[in-house]
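Spelled out, the chains give:
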Amino acid sequence: MEAIISILVQLVAGGAGGNVVGQLAKSLSLGTAGNSVVGAVGGMAATWLAGMIPGLDGLVGAAAGMAGNAAGAADMAGGIDFGALAGQGVTGLVGGGVLTAIAGLVKSQMAKG
């Protein structure tokens, strides 16, 4: 159950980050649905990458290990690690915004060419 909550936090935060970038930089916007989907993917990817980097792995808790192993640190403790969820939310927000900006930039460059 905690793994599902972590994934939802990453997806929602990533989608929010994508939509914020789409609103702030209209030239990079992919539309509301596009911003949300690309942002959600970016949120998941950024959280996974942060879990692989020493020093940042503590920020996202056991999120990196949850993809292949449903028993994270919070599962072993019998509760939800709210600090890890907050870290995953922030990482997802930033990752979603970054991937949306990159995808919007690629889209605008392809439209010019």
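Criteria and thresholds
Residues numbered from 1 in each chain as written. Predicted model: local features only at pLDDT ≥ 70, side-chain atom pairs only at ≥ 80, totals over all residues. Heavy atoms only, no water. Helix = DSSP H or I, 4+ residues; strand = E, 2+ residues; numbered from the N terminus. Buried < 20%, exposed > 50% of the residue type's maximum accessible area, 1.4 Å probe, protein only. Contact = heavy atoms within 4.5 Å. Axes fitted to C-alpha atoms, helices over the stretch in contact; angles between N-to-C directions. Parallel < 35°, antiparallel > 145°, perpendicular 65-115°, else oblique. Left-handed = near helix turned anticlockwise from the far one by under 90°. Nonpolar A, V, L, I, M, F, W, Y, C, P; charged D, E, K, R; others polar. Expected span 1.5 Å × (residues − 1). Polar contact = N/O pair within 3.5 Å; in protein donor to acceptor, adjacent residues only side chain to side chain.

J.: Which residues make up the overall build of the protein chain, and what are the values?
T.: Helix and strand counts for the protein chain come out as six helices and zero strands. N-terminal to C-terminal, the α/β element order of the protein chain is α-α-α-α-α-α. Classification of the 113 residues of the protein chain by burial places 33% in the buried group. The long-range share in the protein chain, meaning contacts at least 24 apart out of those at least 6 apart in sequence, stands at 77%.

J.: Explain the environment of Leu-56 to me, and be specific about the residues and the numbers.
T.: Tracing the chain through its elements places Leu-56 in the loop between helix H2 (32-52) and helix H3 (57-60). Here the alpha-carbon distance between Leu-56 and Gly-87, two residues 31 residues apart in the chain, equals 9.4 Å.

J.: So what about the packing of helix H1 (residues 2-24) against H2? Which residues, and what values?
T.: Look at H1 against H2: their axes get within 6 Å of each other, and the N-to-C directions meet at 130 degrees. Judged by the angle between their axes, H1 and H2 are oblique. For the element pair H1 and H2, the recorded crossing hand is right-handed. Note on element contacts: H2 touches H1 through Thr-32, Asn-35, Ser-36, Gly-39, Ala-40, Gly-43, Met-44 and Thr-47, opposite Ile-7, Gln-10, Leu-11, Gly-14, Gly-15, Gly-18, Asn-19 and Gly-22. Looking at the contact of H1 with H2 residue by residue, the class counts come to four nonpolar, 12 polar and no charged.

J.: Go over the environment of Val-21, please, and point to the residues and values.
T.: If you trace the backbone, Val-21 turns up in helix H1. Residue Val-21 is classed as buried on the basis of its relative accessible area of 18%.

J.: Which residues make up helix H6 (residues 82-112), and what are the values?
T.: Between its first and last C-alpha, H6 extends 45 Å over 31 residues, near the 45 Å set by a 1.5 Å rise per residue. Sitting at the head of H6, Asp-81 places a side-chain oxygen 3.3 Å from the backbone nitrogen of Gly-83.

J.: So what about the side chain of Thr-100? Which residues, and what values?
T.: Positionally, Thr-100 belongs in helix H6. Look past the residues within four positions of Thr-100 in its chain and what remains in contact with it is Gly-18, Val-21, Leu-28, Leu-30, Asn-35, Val-38 and Gly-39.

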